[in-house]
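Tertiary structure, described
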Amino acid sequence: SAVISQKPSRDICQRGTSLTIQCQVDSQVTMMFWYRQQPGQSLTLIATANQGSEATYESGFVIDKFPISRPNLTFSTLTVSNMSPEDSSIYLCSVETTGYGYTFGSGTRLTVV
Amino acid sequence: QQQVKQSPQSLIVQKGGISIINCAYENTAFDYFPWYQQFPGKGPALLIAIRPDVSEKKEGRFTISFNKSAKQFSLHIMDSQPGDSATYFCAASMETSGSRLTFGEGTQLTVNP
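A brief structural summary. Here the structure is a predicted model, which means the values were calculated and not measured.

The computed volume of the largest pocket comes to approximately 590 Å³. Contributing to the lining of the largest pocket are 28 residues, with Q37, P39, G40 and Q41 of chain A together with Q38 of chain B lying nearest its centre. Breaking the lining of the largest pocket down by element, the ones donating at least two residues are β9 (89-97) and β11 (108-112) of chain A together with β9 (86-92) and β11 (107-112) of chain B. Among the residues making up the lining of the largest pocket, the classes are represented as six nonpolar, 18 polar and four charged. Estimated volume of the second largest pocket: approximately 440 Å³. As for the second largest pocket, its lining consists of 26 residues, of which T97, T98, G99, Y100 and G101 of chain A are closest to the centre. Residue assignment for the lining of the second largest pocket shows that the elements contributing at least two residues are β9 and β10 (101-104) of chain A together with β5 (45-50) and β6 (56-59) of chain B.

What follows concerns the pattern of salt bridges. Enumeration according to the criterion identifies five salt bridges over all chains in this entry. Note that E58 of chain A is salt-bridged to R100 of chain B, the shortest N-O span being 2.4 Å. Here E58 of chain A, found in the loop between β6 (56-57) and β7 (68-72), pairs with R100 of chain B, found in the loop between β9 and β10 (102-103), and the two come from separate chains. For E105 of chain B, the salt bridge goes to K5 of chain B, with nearest N and O atoms at 4.0 Å. Here E105 of chain B is found in the loop between β10 and β11, whereas its partner K5 of chain B is found in strand β1 (residues 4-7), with 100 residues between them in sequence. Its relative accessible area of 40% is what places E105 of chain B among the partly exposed residues.

Residue and element names in this part refer to chain A. Inspection of the secondary structure assignment puts T77 in strand β8 (residues 75-80). Of the residues examined, T77 reaches a relative accessible area of 11% and is grouped as buried. One polar contact links T77 to S69, side chain to side chain, over a distance of 2.6 Å. Those residues in contact with T77, other than ones at most four positions away along the chain, are T20, I21, Q22, W34, P67, I68 and S69.

What counts, and at which threshold
Residues numbered from 1 in each chain as written. Chains lettered and ligands numbered in written order. Predicted model: local features only at pLDDT ≥ 70, side-chain atom pairs only at ≥ 80, totals over all residues. Heavy atoms only, no water. 1 Å grid on protein atoms, 1.4 Å probe; cavity = no way out; pocket = protein on both sides within 12 Å on 5 of 7 lines; lining within 4 Å. Points joined across faces, edges and corners; volume = space filled by probe spheres on them. Helix = DSSP H or I, 4+ residues; strand = E, 2+ residues; numbered from the N terminus. Nonpolar A, V, L, I, M, F, W, Y, C, P; charged D, E, K, R; others polar. Salt bridge = Lys/Arg side-chain N within 4 Å of Asp/Glu carboxyl O. Buried < 20%, exposed > 50% of the residue type's maximum accessible area, 1.4 Å probe, protein only. Polar contact = N/O pair within 3.5 Å; in protein donor to acceptor, adjacent residues only side chain to side chain. Contact = heavy atoms within 4.5 Å.

If you want it as C-alpha cells, here you go:
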C-alpha cells in the first residue's frame, strides 16, 4: 500500500493565523482526501483533491477557509486559514490505492490558542 | 442515506475474550466495508474489509460478519489482547474510483490484562 508522510505532526498556533499541512505520497495517486477528526470524534471528509483541477469540498467546508493545492500526483497541501480554537483538531490526508483500499497519514494535531 | 451507525461507543473486555462491534448502514449502494484501527497519535490503519458478495471474512483473530438484508456488519476480535486496545471505526463506500469513505462514530476498546 502507499506510504504517506504528513507534516507537521503537531503544531500550536495563535488564533487568526494560518497553517499549511503537507502530504507526500510515495506513489502516484489520482485522488487525495483531506479529513478532520475533532477530539474524541470520528473522521469527517473536508475535501477531495484531484491533480489538475479544483478540490471538491464537502458541505460545511469552504475553499476560503481550507484552501487545497494539488500540484502533482504525489503531493498536496491543506491550509487552515484564519484559525480559531474551534479549528483545533487532527487533520489527516488519505489516498486510495488499487487493491489496498484507503491509506491514511499519521495526521497533524493542531491546537489553536 | 449516507450514515453509518456504530455501537457500542466504548467496550471493555477481559484478555482472551471476544470483542464485538456492530455497524449499520442505510445506503444500499455501498459495496465496500472496511474496518480501521486507530491508536492515539496515529492515523487510522486498515484492519480488514469486506464486500457484499460474501457473508464473512476472517484474517487471523479478526472476523467481519456481513448481513446484506439487514444492512449490518460487525467486527469480531477473538482472543482479545491488551495490545488491541484502540479506537475502531467501521466505514462504507461505493467502490468507484474516488468514492468517499463514510465513517461510523468509533468504538473505544479497552482490553484488560
